[in-house]
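# An overview of the molecular structure
Residues per chain are reported as follows:
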Amino acid sequence: MRIPGPLHAIFVALVVVAVVVVAYATRRQWLPSLSASAEPDETAAMPAPVQEPKVLKLSSQARKNLKLVAKPARPQTYWRTIQIPGIVADRPGETDRGMTSPAVGVVTEIHAYPGQTVRPGEKLFTLRLSSEYLQNTQKELYTTTKEKQIVEEELTRLRPLAASGALPGARIIELESQKRRQEALIQSHQQDLLARGLTSQQVDQVAQGEFVPTVTVMAPPFHSATQPAADEPVSDDLSAIDHSMVAYEVQSLNVDLGQQVQAGQLLATLANHLRLYIEGHAFKREAPFLEDAAQNGWNLTVEFAEDQPKHWPQLNQQFEIQYLSNAIDTDSRTFDFYVPLTNQSRLYEKNGETFIVWRFRPGQRVRLHVPVEELQNVLVLPTAAVVREGPEAFVFQQNGDLFNRIPVHVLHEDRMNIVLANDGSVIPGLYLAQNGAASLNRVLKAQAASGVRADVHVHADGTVHASH
């Protein structure tokens, strides 16, 4: 049927309105699909992910700027250690020596003052004797010496008479006994005067009638301090001591000029720091490790704080625990253990005076590494040779200009070294960077971010650009 023109237009309009109404009513169903189809496929447009590079190339200038050092990896035996703090301490009864007055007297001269250095046998003080006992001892020595001379002269005169029978032999025997008694008294008086500070020459002068009005106090000999204890290991330095260099430092002066002193009164304190102790401070839980080290004679490694080894000779000593303290400090809850230490020194002259400088000083802090476990067939590297990323640890193998990053298994780590398992990840004999692992890893990350290959030009600060 033919629809008239006006009606046809109205029909078409109604159809369009119906379509629009239906489309609007169902917009929630078809609108999301329309939007999704209109958006571009971003996944298809994304580039493939860049694989993280493992090889880095550094120029010789970059390696010099980083001060890289490479050494071959060698399996070895390593002792796992625990770190214990400590200090350098005096040896009681040996480091400090008090000088006392041998008799009652007055200080007339002081030959050495605090800070100055004296060698064994050099003068410290001169005392004017005012001891009645010492004066009587000198008089007795002179008198006994003269009496002995008289007896000897009498024996010389009477022996021919006794030999001819004109004199009984008992007289000769009596005189000889008297002579021996006089000799014993003379020896006793001599030893008494020597113990009071007189020299052998002065004692001989007293025997001749020249009484000594003064006594000189000398620095003591050093031979007793250089003898190690029976249970103490002898270090190489101790056996090579130059006794001409041995000296005391005047640590304190306890008298003044013109002061009267009594017998046994302290005049000064001398110090010699040749033989010291390293005093470690450990907790009770660490006692089993220290006992094993002491009983087995294991060598300890010692780090001295504020030490400059390049200014001193090489320290060739083996540090072993001598003994452990059996008392615990109530404040710190630690107990002490002691390691013998042989010091090094230098003498210098200034304004006609001698001074001494010691390498190690009492109170200086140390760090002791006590061995507790032996690790065999492992690779040992400095701490700077390994870089960490979360649970991963890496080293860098050098092959000319190329550095290959290799994952490794860390068995033990301390402040100085890292111990790696010899599990085949690192082939023994290959060269590994001993330092700068963190810097190398940063350069490698910069290379990965730039998307360039390993044969790019890489600067030491981590910046990269294409070769030119």
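These figures come from a predicted structure and were not determined experimentally.

### Considerations on the sheet that holds strand 9 (residues 248-253)
Where strands meet in a sheet, backbone hydrogen bonds hold them as pairs that are either parallel or antiparallel. Strand order in this open sheet of four strands is 4-11-9-6, and the pairing throughout is antiparallel. Two strands in the sheet have a free side with no partner beyond their single neighbour: strand 4 (96-100) and strand 6 (117-118). Bridging between strand 6 and strand 9 involves two bridges; their strand directions are antiparallel. Counted as the bridge partner of V118 is Y248 from strand 9.

### A closer look at the packing of aromatic side chains
Taken as a whole and judged by the stated rule, the model has eight aromatic pairs. Centre to centre, the rings of Y277 and Y323 are 6.3 Å apart; their planes meet at 80°, and the pair counts as edge-to-face. Highlighted residues: Y277 in strand 12 (residues 275-283) and Y323 in strand 14 (residues 323-324), separated in sequence by 46 residues. On the accessibility criterion, Y277 (10% relative accessible area) is buried. On the basis of relative accessible area, Y323 is assigned to the partly exposed category, the value being 37%. Members of the aromatic cluster, each reached through a chain of ring pairs, are Y277, Y323 and Y338. Sitting over the face of the ring of Y277, R91 holds its NZ or CZ atom 4.6 Å from the ring centroid. The ring of W312 carries the charged tip of R346 above its face, separated from the ring centre by 3.8 Å.

### A word on the packing of helix 5 (residues 132-164) against helix 6 (residues 169-195)
Running from N to C, helix 5 and helix 6 cross one another at 155°; their axes reach a closest spacing of 8 Å. As judged from the angle between their axes, helix 5 and helix 6 are roughly antiparallel. Here helix 5 runs over helix 6; the crossing is left-handed. Class assignment of the residues belonging to the contact of helix 5 with helix 6 gives a composition of twelve nonpolar, eight polar and eleven charged.

### Some details on the pattern of salt bridges
Under the definition given, this model contains 16 salt bridges. A salt bridge links K148 to E183, with the nearest nitrogen and oxygen atoms 3.7 Å apart. Here E183 lies in helix 6 and K148 lies in helix 5, a separation of 35 residues in the sequence. Residue class for K148 comes out partly exposed when judged on its relative accessible area of 21%. Residue class for E183 comes out partly exposed when judged on its relative accessible area of 33%. R171 is the salt-bridge partner of E174, the closest N and O atoms lying 3.7 Å from each other. Remark: R171 and E174 occur in helix 6; sequence separation between them is three residues, near one turn of the helix. Using a relative accessible area of 44% as the deciding quantity, one classes E174 as partly exposed. Bridged by salt links that share partners, the residues K148, E152, K179 and E183 form one connected network.

### Looking at helix 9 (residues 287-296)
Residues of helix 9 that are buried include every one of A287, L290 and A293, and no others. On an axial view of helix 9, the arc spanned by its buried residues comes to 125°, and they lie on one face. Buried positions along helix 9 lie against strand 3 (76-89), strand 12, strand 14, strand 15 (334-342) and strand 18 (365-382). Following helix 9 by one or two positions, G297 has its phi on the positive side, about 70°.

### What to know about the confidence of the model for the protein
On average, the protein scores 82 in pLDDT, and the residues at 70 or more come to 80%. Ignoring residues within four places in sequence, the model shows residues 224-241, a span with pLDDT below 50, making 29 contacts including any to other chains. Within the model, the stretch residues 455-468 combines pLDDT values under 50 with 33 contacts to residues more than four positions away or in other chains.

### Regarding the sheet that holds strand 8 (residues 214-218)
Ordered in space as 8-7-5-10, the four strands form an open sheet in which the pairing is antiparallel. If you trace the sheet from one side to the other, it starts and ends with strand 8 and strand 10 (260-261), each paired once. Sheet topology note: the strand 5 (residues 105-110)/strand 10 ladder contains two bridges and is antiparallel. Bridge pairing links V106 to Q260 in strand 10.

### Here we look at the environment of V410
Assignment of secondary structure puts V410 in strand 22 (residues 410-413). Using a relative accessible area of 18% as the deciding quantity, one classes V410 as buried. Taking C-alpha positions, V410 is 9.9 Å from V380, a pair spaced 30 residues apart along the chain. Those residues in contact with V410 that lie beyond four places of it in its chain are R388, A393, I418, V419 and L420.

### Considering unusual backbone geometry
The backbone of K67 sits at a positive phi, close to 55°, despite the residue not being glycine. You can see K67 is positioned in the loop between helix 4 (60-66) and strand 2 (70-72). For K67, a relative accessible area of 64% gives the class exposed. Located in the positive-phi region is R333, a residue other than glycine, with phi close to 60°. Within the secondary structure, R333 sits in the loop between strand 14 and strand 15.

### Overview of the pairing of strand 18
Relative to strand 18, strand 3 is paired through eleven bridges, and the arrangement is antiparallel. Looking at strand 18, one finds that Q76 is bridged to V378. Bridge count between strand 13 (residues 301-304) and strand 18: four bridges; the pairing is antiparallel. Counted as the bridge partner of F304 is V366 from strand 18.

How each quantity is defined
Residue numbering note: each chain is counted from 1, following its sequence as written. This being a predicted model, a pLDDT of at least 70 is required before a residue's local features are given, and a value of 80 or more before pairs of side-chain atoms are given or counted; all residues contribute to the totals for chains, interfaces and linings. Side-chain numbers here rest on the full set of heavy atoms in the structure, without hydrogens or water. Any two strands between which DSSP finds at least two bridges are classified as paired. Strands here are runs of E lasting at least two residues and helices are runs of H or I lasting at least four, both read from the DSSP assignment and numbered beginning at the N terminus. Whether two aromatic rings pair depends on their centres lying within 6.5 Å, for rings of Phe, Tyr and Trp, where Trp uses its six-membered ring; planes under 30 degrees apart make the pair stacked, over 60 edge-to-face, and the rest tilted. The rule is simple: take the accessible area with a 1.4 Å probe, protein chains only, and divide by the maximum for that residue type; under 20% is buried, over 50% is exposed, in between is partly exposed. Over a ring means this: the NZ of a Lys or the CZ of an Arg is within 6 Å of the ring centre and within 35 degrees of the ring normal. With axes taken as lines fitted to C-alpha atoms, and helix axes fitted only over the stretch in contact, angles between N-to-C directions fall between 0 and 180 degrees. Angle categories: roughly parallel below 35 degrees, roughly antiparallel above 145, roughly perpendicular from 65 to 115, and oblique for all the rest. Each helix crossing is assigned a hand: it is left-handed if the near helix lies turned anticlockwise from the far helix by less than a right angle, otherwise right-handed if that turn is clockwise. Three residue categories are used. Nonpolar comprises Ala, Val, Leu, Ile, Met, Phe, Trp, Tyr, Cys and Pro, charged comprises Asp, Glu, Lys and Arg, and polar comprises the others, including Gly. In what follows, salt bridge is the name for a side-chain nitrogen of Lys or Arg lying within 4 Å of a carboxyl oxygen of Asp or Glu. What the arc covers is the set of directions going from the helix axis to the C-beta atoms. Residues count as neighbours in contact if any of their non-hydrogen atoms are within 4.5 Å of one another. Per-residue confidence from the prediction method is given by pLDDT, with values spanning 0 to 100.

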